[in-house]
Amino acid sequence: MTNHRRDTAGDPDRPADARDTPPTISVVIPVRDDADGLRRCLRALAAQTLAPLEIVVVDNGSSDDSAAVARAAGARVVTEDEEGIPAASARGFDEARGDIVARLDADCVPPVEWIAGVARAFRERPGLVAVTGDARFSDGPRLLRRPLAVVYLGAYALFSAPALGHPPLFGSNCAVRREAWLAVRDEVHRHDLLVHDDLDLSVHLGALPAAAHGARGRWRRPGIRLDRRIGMGISMRPFADPRAFLLRVRRGVHSLTVHGGQELPRPLLPRTPEPRSPRPPGP
């Protein structure tokens, strides 16, 4: 894999050609018993127009040959014994060495320019803390893949953005500056099985001063953005079981309420106007 030089965009002390180099990007993939999906995902990552610094596969107690598939593809495999995506994803972020940590799921199929798109987003906006992208279903009825993905991601954003004040990170297609992860790694709820790790991370990153840098008013956090140019193929498998879908909804609610009023910035909710003192009666 290509080891790019460290990103120096926005650093006036570096020469111009250094500022034009892409950041180093680590790719993190949590997996549990999904060797076939992981094989497709790694095959797509091998075809990227911009190679990552590394691919970190976090084996979360797989009983199949997921770890062997990862090693055969040249990925670095780390083991997380604590069950659950929050613990496995956090372990992957901890292990990543790149300037940017990009995350997707084992059943995702990234387009060939996915990593290049992530690099472009951070180069275009040196103050960017995190970016999340678009998605479409890569399996299921062909005519429904795009519209169902629009409904799914639209509902996710409509549910969470008013509480966050910025687009929610979508765990199947997101990237975070490593220094931002290091600032929140001890705060994320990695030991809570009911938490959606992407939504939980969204809350904590949104509380960083860097996320609000350059904001106009209190309703935006420019450091966390949605870039629809960064696409991703995702699977419909998690939605095949209605009970599993209802559990996802329950976890989404829990992922916000677990933080309480002190952690959630809630910038999209207008301030309650303070009562004015009554004017003294005129003469």
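Residues numbered from 1 in each chain as written. Predicted model: local features only at pLDDT ≥ 70, side-chain atom pairs only at ≥ 80, totals over all residues. Heavy atoms only, no water.

Draft legend 1. Up close: the overall build of the protein. Across its full length, the protein carries 11 helices and nine strands. Evaluated residue by residue, the protein yields a buried proportion of 48% over its 283 residues. Here the contacts in the protein between residues at least 6 apart in sequence split such that 74% fall between residues at least 24 apart. Accessible surface for the protein amounts to roughly 14600 Å². Of this, 54% is attributable to carbon and sulfur atoms. (Helix = DSSP H or I, 4+ residues; strand = E, 2+ residues; numbered from the N terminus. Buried < 20%, exposed > 50% of the residue type's maximum accessible area, 1.4 Å probe, protein only. Contact = heavy atoms within 4.5 Å. Areas by Shrake-Rupley, 256 points an atom, 1.4 Å probe, with all protein chains shown as cover.)

Draft legend 2. A look at the sheet that holds strand β5 (residues 130-133). Reading across the sheet, the seven strands line up as β3-β2-β1-β4-β7-β5-β8 and stay open at both edges, with mixed pairing between neighbours. The strands lining the two open edges of the sheet, one partner per strand, are β3 (76-79) and β8 (224-227). Averaged over neighbouring strand pairs, the angle between their axes works out to 20° when direction is ignored. Looking at chain direction, strand β1 (residues 25-31) and strand β2 (residues 54-59) are connected through six bridges and run parallel. When the bridges of β2 are listed, isoleucine 29 appears paired with valine 57. (Pairing = 2+ DSSP bridges. Axes fitted to C-alpha atoms, helices over the stretch in contact; angles between N-to-C directions.)

Draft legend 3. The arrangement of the packing of helix α6 (residues 145-164) against helix α10 (residues 242-257) in detail. Where α6 meets α10, the axes come as close as 11 Å, and the angle between the chain directions of the two elements is 20°. Judged on the interaxial angle alone, α10 and α6 are roughly parallel. Of the two elements, α6 crosses α10, and the hand of that crossing is right-handed. Listed contacts from α10 to Tyr152, Phe159, Ser160, Ala163 and Leu164 of α6 are Arg248, Gly252, Val253 and Leu256. (Parallel < 35°, antiparallel > 145°, perpendicular 65-115°, else oblique. Left-handed = near helix turned anticlockwise from the far one by under 90°.)

Draft legend 4. Region of interest: unusual backbone geometry. You will see that aspartate 33, though not glycine, has its phi angle at about 55°, which is positive. If you trace the backbone, aspartate 33 turns up in the loop between β1 and α2 (35-46).

Draft legend 5. Structural view of a nonpolar patch on the surface. A grouping of Phe159, Phe245, Leu246, Val249 and Val253 is seen on the molecular surface, where their side chains present a nonpolar patch of about 440 Å² in accessible area. Counting residues per element, the nonpolar patch draws most heavily on α10, at four residues. For phenylalanine 245, the position within the fold is in helix α10. Relative accessible area serves as the criterion here: at 36%, phenylalanine 245 is assigned to the partly exposed category. (Patch = residues over 30% accessible without salt bridge, like charges linked within 9 Å, V, L, I, M, F, W, Y side chains within 5 Å. Salt bridge = Lys/Arg side-chain N within 4 Å of Asp/Glu carboxyl O.)

Draft legend 6. The pattern of salt bridges, seen in detail. Using the criterion set out here, one finds 14 salt bridges in the structure. Note that arginine 229 is salt-bridged to aspartate 227, the shortest N-O span being 2.9 Å. The partly exposed category is assigned to arginine 229, whose relative accessible area is 49%. A single network of salt bridges, built from pairs that share partners, joins Glu54, Arg76, Glu80, Arg91, Glu95 and Arg97.

Draft legend 7. Fine view of α2. The terminal C-alpha atoms of α2 lie 16 Å apart, and with 12 residues this matches the ideal 16 Å at 1.5 Å per residue to within 8%. Of the residues making up α2, those classed as buried are Ala35, Gly37, Leu38, Cys41, Leu42, Ala44 and Leu45. Buried residues along α2 sit in contact with β1, β2, α3 (66-72) and α5 (114-124). (Expected span 1.5 Å × (residues − 1).)

Draft legend 8. Representation of helix α4 (residues 85-95). When we look at burial in α4, the residues that qualify are Pro86, Ala87, Ala88, Ser89, Ala90, Gly92 and Phe93. Packing partners of the buried residues in α4 comprise β1, β2, β4 (100-103), β7 (174-177), α7 (178-184) and α8 (197-206).

Draft legend 9. The arrangement of empty space enclosed by the protein in detail. What the rule picks out here adds up to one cavity of 30 Å³ or more. In this structure, the largest cavity occupies an estimated 130 Å³ of space. The wall of the largest cavity is formed by 15 residues, among which Ser89, Ala90, Trp181, Asp197 and Leu201 lie closest to the centre. Only α4 and α8 provide two or more residues apiece to the lining of the largest cavity. Within the lining of the largest cavity, the residues separate by chemical class into eight nonpolar, two polar and five charged. (1 Å grid on protein atoms, 1.4 Å probe; cavity = no way out; pocket = protein on both sides within 12 Å on 5 of 7 lines; lining within 4 Å. Points joined across faces, edges and corners; volume = space filled by probe spheres on them. Nonpolar A, V, L, I, M, F, W, Y, C, P; charged D, E, K, R; others polar.)

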